[in-house]
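Here is how the chains run, residue by residue.
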Amino acid sequence: MARTIAEIQKEILDEKGKQPSLEKLNNDSKTAIWKLWINIVATAIWVHEKIVEKNAMISRPHTLNWYREQALNFHYGVSLDPDSSNEMSLVWRDGSYQFDTTGLTDSEIEDSKIIKHCAVSEIDLETVLNPDSKPKEILSDYFHNKVGVVFIKVATVKDEKISRIDVPNQLFAFKEYIAKIKDAGNQVYISSDQGDILKLSLNVYVDPLSIYINPKDLEYYQSKISTPDSVLGLIEANESNPKDDLDPSNGSLISDSDVFPVLDAIKDHLKNIEFNGAFVKTYLVDAVQKAQGIKIPILTKVQTDAATNPSDEPNTSPTDVTKIEYFIPRAGYFDLENLEVEVNYIPYTFYRDKQ
Amino acid sequence: MKDFIVDEDLLITGDDSGNGDFAIKEADQQNIEHLLLSQKGSYKEFPILGVGIKKYINSPDATSRLRLENEIDKQLSYDKFYVKTLDVNDLQNIKIDGNY
């Protein structure tokens, strides 16, 4: 950890105090020249320590951070010559190895960097040697190469949305690049998948003064929440009939029918989860709570599944993860295009309800 | 209070020993001079330090003079300088009396 300017400055001051020959310098003013010098030197040392700190973190091979930095630095379409000793395609700049980009404009460089998000992880033997798991599982994990493998999840940004990199072309090139720079003997598993599917069901008590609900739909919404858990299965079965008749503008702001506070809050929250970050149920509820006109948001059901490739059989029944407080999407992010949110809007009118 | 002394071109003055050492002399006068001349933000460690007197001198009306007096007073006490009297009526000859 780099020290702060104040810490460095204090050390210099302490050292100065130990030197009898410097006792003459006793100007206490804030404008004092000797103090100014100390400040300048401390700042210079601080900048230097910052650089050293960054170098230590990313320039040393074999660390996960280093793999991440290398992945983010990958330039698609620039060849990497491993045998070159003079025609360097990698150069040391700003504290890390980088592609030699002389002659390219900033936007060209930015365009060729296709990987915008990257998460690197690994499974170590200790995790697998869980005392609770059966020896068979341990052996299976070990021999199926989950141990000692570096997992790299990458994604790019298309139209301001996270999306996978072009498979197979870009992924193939990226794999080749990692294969060339990685340490010999390391196993690296690279994936770039489509965002995970996410299906949410919520009961939301809303302020009827600011959020529109078509009065004819109230009964349907009410019926959905008053059903005890035991008969939920029954409700799901005949869910399809009345649902289609619902007013599409339910849940929009009365003042602006284009704004759906609940849906917008959910989308906004999912978008702001960092790459390979966890989806936390409580955080989502908190985010919805802050939206305009929302009184009580209740997350009743969460379903998720890894996205399937177009050629695969579509997975019709996503896994129910309602009971899990948090999880990390397998692709590192959710597919916001195919996000399914089902909201029961219930007017918040307890003060008039029969007790 | 003693400090290194700089001349008008902000060059460090040498002492009289002839060994090339920096002069370390009484610096109260210099502190106040630097305080008046420096703009806010010049001292990175103390961003609000500095009177920036040049800006005031170009507009010699009464209100700005009052403001200048107020500013000098504030800045001097910020620098732990005890002000006895302060007179800026004559911009060519500002009188400051006091001590650290």
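Cut-offs and rules
- Residues numbered from 1 in each chain as written.
- Chains lettered and ligands numbered in written order.
- Predicted model: local features only at pLDDT ≥ 70, side-chain atom pairs only at ≥ 80, totals over all residues.
- Heavy atoms only, no water.
- Buried < 20%, exposed > 50% of the residue type's maximum accessible area, 1.4 Å probe, protein only.
- Helix = DSSP H or I, 4+ residues; strand = E, 2+ residues; numbered from the N terminus.
- Arc of directions from axis to C-beta.
- Contact = heavy atoms within 4.5 Å.
- Expected span 1.5 Å × (residues − 1).
- Polar contact = N/O pair within 3.5 Å; in protein donor to acceptor, adjacent residues only side chain to side chain.
- Salt bridge = Lys/Arg side-chain N within 4 Å of Asp/Glu carboxyl O.
- 1 Å grid on protein atoms, 1.4 Å probe; cavity = no way out; pocket = protein on both sides within 12 Å on 5 of 7 lines; lining within 4 Å.
- Points joined across faces, edges and corners; volume = space filled by probe spheres on them.
- Nonpolar A, V, L, I, M, F, W, Y, C, P; charged D, E, K, R; others polar.
- Buried area = accessible area lost by both parts, 1.4 Å probe.
- pLDDT = per-residue confidence, 0-100.
- Pairing = 2+ DSSP bridges.
- Axes fitted to C-alpha atoms, helices over the stretch in contact; angles between N-to-C directions.
- Parallel < 35°, antiparallel > 145°, perpendicular 65-115°, else oblique.
- Left-handed = near helix turned anticlockwise from the far one by under 90°.
- Core = buried A, V, L, I, M, F, W, Y, C linked by side-chain atoms within 4.5 Å.

K.L.:
Would you explain helix α12 (residues 281-289) of chain A in this entry?
P.N.:
Residues and elements named next belong to chain A. Among the residues making up α12, those that are buried are K281, L284, A287 and V288. On an axial view of α12, the arc spanned by its buried residues comes to 125°, and they lie on one face. Against the buried residues of α12 lie β7 (197-206), α11 (261-272), β8 (279-280) and β9 (294-305).

K.L.:
Sorry if this is basic, but what is going on with helix α7 (residues 169-181) of chain A here?
P.N.:
Owing to its 3.6 residues per turn, the α-helix aligns residues three or four sequence positions apart on the same side. Residues and elements named next belong to chain A. In this model, α7 (13 residues) spans 19 Å end to end at C-alpha, consistent with the 18 Å of a helix rising 1.5 Å per residue. Along α7, the positions that sit buried rather than exposed are Q170, L171, F174, Y177, I178 and I181. For α7, the buried positions fall inside an angular range of 120° around the axis, keeping them on one side.

K.L.:
In this structure, what is going on with the side chain of E71(B)? I would like to understand it.
P.N.:
Residues and elements named next belong to chain B. By the element assignment, E71 lies in helix α3 (residues 62-78). The exposure class assigned to E71 is buried, which follows from its relative accessible area of 10%. There is a polar contact of 2.7 Å between the side chain of E71 and the side chain of K40. Leaving out residues up to four positions away in the same chain, E71 has contacts with K40, G50, V51 and Y56.

K.L.:
Got a minute to help me understand the pattern of salt bridges in this structure?
P.N.:
Between side chains of opposite charge, pairing is possible as soon as their charged atoms come close. Residues and elements named next belong to chain A. One pass over the full model with this rule turns up 8 salt bridges over all chains. Across the pair E337 and K161 runs a salt bridge, and its minimum N-O distance is 3.4 Å. Of this pair, E337 sits in the loop between β11 (326-327) and β12 (340-347) while K161 is found in strand β5 (residues 161-163), placing the two residues 176 residues apart along the sequence. Where E340 meets K199, a salt bridge forms, and the shortest distance between an N and an O atom there is 3.9 Å. Here the residue E340 occupies a position in strand β12, and K199 occupies one in strand β7, the gap between them amounting to 141 residues. Its relative accessible area of 43% is what places E340 among the partly exposed residues. Because the salt bridges share partners, they merge into one network encompassing R3, E11 and E49.

K.L.:
Help me understand empty space enclosed by the protein, please; the structure alone is not making it clear to me.
P.N.:
The rolling of a water-molecule-sized probe over the atoms marks out the regions of remaining empty space. A complete count under the given rule lists 1 cavity of 30 Å³ or more for this structure. Of the pockets and cavities examined, the largest cavity occupies roughly 50 Å³. Lining the largest cavity are K30(A), K35(A), L36(A), N39(A), Y43(B), K44(B), E45(B) and F46(B). Across the lining of the largest cavity, the residue classes break down as 3 nonpolar, 1 polar and 4 charged.

K.L.:
Can you help me understand the interface of chain A and chain B in this one?
P.N.:
Interface size is commonly expressed as the accessible surface area that is lost when the partners come together. With 15 residues of chain A at the contact, the number on the chain B side is 22 residues. A per-residue breakdown of the area chain A buries against chain B is headed by K30(A), T31(A) and I33(A), which together make up 41% of the total. Where chain A packs against chain B, one counts 0 salt bridges. Of all the elements, helix α2 (residues 33-58) of chain A adds the most residues to the side of chain A that touches chain B, at 5 residues.

K.L.:
Can you help me understand the confidence of the model for chain B in this one?
P.N.:
Detailed reading of the predicted model is not advised wherever pLDDT is low. Looking at chain B, the pLDDT average stands at 83 and 98% of residues meet or exceed 70. Reported confidences for the modelled complex are a pTM of 0.57 and an ipTM of 0.85.

K.L.:
Explanation requested: the sheet that holds β9(A) in the structure shown.
P.N.:
Sheet strands associate in pairs through backbone hydrogen bonding, adopting either a parallel or an antiparallel arrangement. All names here are of chain A. Pairing within the open sheet is mixed, and its 4 strands lie in the order β10-β9-β7-β12. The open sheet is flanked by β10 (319-320) and β12, the only strands paired with a single partner. Here 8 bridges tie β7 to β12, and the two strands are oriented parallel to one another. Looking at the pairing, L202 lines up with V343 of β12. Running over the sheet, α12 touches β7 and β9 and is turned about 140° from β9.

K.L.:
Sorry, what's going on with the packing of helix α1 (residues 5-17) of chain A against α2(A) here?
P.N.:
For any two helices packed against each other, one specifies the crossing angle of their axes together with the interaxial distance. All names here are of chain A. Relative orientation of the contacting elements α1 and α2 amounts to 130°, with a least axis distance of 8 Å. As judged from the angle between their axes, α1 and α2 are oblique. Note that α1 runs across α2; the crossing there is right-handed. Of the residues in α2, those touching α1 at I5, I8, Q9, I12, L13 and K16 are W34, I38, N39, V41, A42, T43, I45, W46 and E49. Across the contact of α1 with α2, the residue classes tally to 10 nonpolar, 3 polar and 2 charged.

K.L.:
Can you walk me through the nonpolar core in this structure?
P.N.:
Side chains that are nonpolar tend, in soluble globular proteins, to be buried together. Residue and element names in this part refer to chain A. In terms of nonpolar packing, the biggest core is built from 30 residues, with L198, L200, I266, L270 and F279 touching the most fellow members. For this core, the secondary structure elements donating two or more residues are β7, α8 (218-226), α11, α12, β9 and β12. With 5 residues, β7 is the single largest residue contributor to this core. Among all residues touching L200, those that are not within four sequence positions of it are I266, F279, L284, L299, K301, V302, E340, V341 and E342. Membership of the second largest hydrophobic core comes to 18 residues, among which are W66, Y67, A71 and I114.

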